[in-house]
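# Results of the structural survey
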Amino acid sequence: MTTHDHDFTAAPFLIEERPWSPRLSLRVRPQHRETLARSLGLDLPSRIGHRSVTDKTELLCLGPDEWLILVPAQGRDDLMAASAEAYAATPHSLCEISDRDITLRLSGPQALTALAAGCPRDLGSLPIGNAARTVFDSATVILWRDGQDSFRMDVWRSFLPHVRAILHKVKAELSSGL
Amino acid sequence: MLLIHCPYCDETLPEVEFAYAGEAHIARPADPSALTDEEWRDYLFIRTNARGPHYERWRHVHGCGRFFNALRDTVTDRFVTTYRIDEPRPVLTPLEAAE
Ligand SMILES: [Zn+2]
């Protein structure tokens, strides 16, 4: 492909791999949610798919007792310490999963079309600022809708070659006008 | 493709996000060693195999990850309702009347 001239302005969508950043999984039963949120200083949204953003920390509610936390590297140790302190009084689990996923950024006018190639959900109706754990051609992924045409996709590391291969195929098809 | 309402996500989503998980409301015997072989066999293997409304478990595996229950008609594949795992089995008659 090196003999081709790339015109990126005409690209139907862009796939970029995001740099590594800490990721934590939080599990806590609903009856302890509010107490724990206070101890950790976090705003834990209670509706699945909703996020809260505070001071560079992003939280996403993935299930009735499950949250994903994206936190800057310096905030991670503070959070882990607060969690250890709260543990005896408020049972929960806070587990680092930073190496489990790789995040792709998909953006551009046909990003939605590209995602529709592998994801059965109606992503057009996913509100901007929400996220969803769903499936992309048999791989569980988390899709964050950051803008009309801008998504982040967290993919488990071992599924990434498969997901990327499909996205590149879709990109080639869309570029050729199929 | 079927659309299934997840009672935890409170959204109606495509079937491929879900996994079927067998008949619902089958309680594990409190004291398995007190059971006869026949009773244990029945607990493990004998199912209703309903033709019509069937209470069954599903898991939102590519989503919230939760197990929940559903009432589905095995003839028409129509989901009458879905409900959380800690909710009682819905009575069929009023649901049928609402159809
Ligand atoms: Zn769900």
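Here the structure is a predicted model, which is why all the values come from computation and not from measurement.

This paragraph deals with unusual backbone geometry. Residue and element names in this part refer to chain B. For aspartate 10, which is not glycine, the phi torsion reads 55 degrees and is therefore positive. Following the sequence through the fold, aspartate 10 ends up in the loop between β1 (3-6) and β2 (11-14). Accessibility expressed as a relative area gives 42% for aspartate 10, which makes it partly exposed. Of note, histidine 25 is a non-glycine position whose phi angle comes to about 60 degrees, a positive value.

The next subject is the coordination of the zinc ion. Residue and element names in this part refer to chain B. Protein ligation of the zinc ion involves Cys6 (SG), Cys9 (SG), His60 (ND1) and Cys64 (SG), the donor distances falling in the range 2.0 to 2.4 Å. Coordination at the zinc ion is tetrahedral: its 4 donor atoms span angles of 103 to 115 degrees at the metal. Mapping the donors of the zinc ion onto the primary sequence gives the spacing C-x2-C-x50-H-x3-C. Taken together, the positions of cysteine 9 in the loop between β1 and β2 and cysteine 64 in the loop between β4 (53-59) and β5 (67-73) put the pair 55 residues apart, joining distant regions of the chain.

Residue and element names in this part refer to chain B. Spatially, the 4 strands line up as an open sheet ordered β3-β4-β5-β6, and their pairing is antiparallel. Sheet topology places β3 (19-23) and β6 (79-84) at the edges, where each strand pairs with a single neighbour. Here the strands of the sheet are splayed against their neighbours by 30 degrees on average, with no regard to which way each runs. As paired strands, β3 and β4 are joined by 3 bridges and run antiparallel to one another. Counted as the bridge partner of tyrosine 20 is tryptophan 58 from β4.

How each quantity is defined
Residues numbered from 1 in each chain as written. Chains lettered and ligands numbered in written order. Predicted model: local features only at pLDDT ≥ 70, side-chain atom pairs only at ≥ 80, totals over all residues. Heavy atoms only, no water. Helix = DSSP H or I, 4+ residues; strand = E, 2+ residues; numbered from the N terminus. Buried < 20%, exposed > 50% of the residue type's maximum accessible area, 1.4 Å probe, protein only. Donors = N, O, S within 2.8 Å, 3.2 Å for Na, K, Ca; no water. Tetrahedral: all angles 85-135°; square planar, octahedral: opposite > 155°, others 65-115°. Pairing = 2+ DSSP bridges. Axes fitted to C-alpha atoms, helices over the stretch in contact; angles between N-to-C directions.

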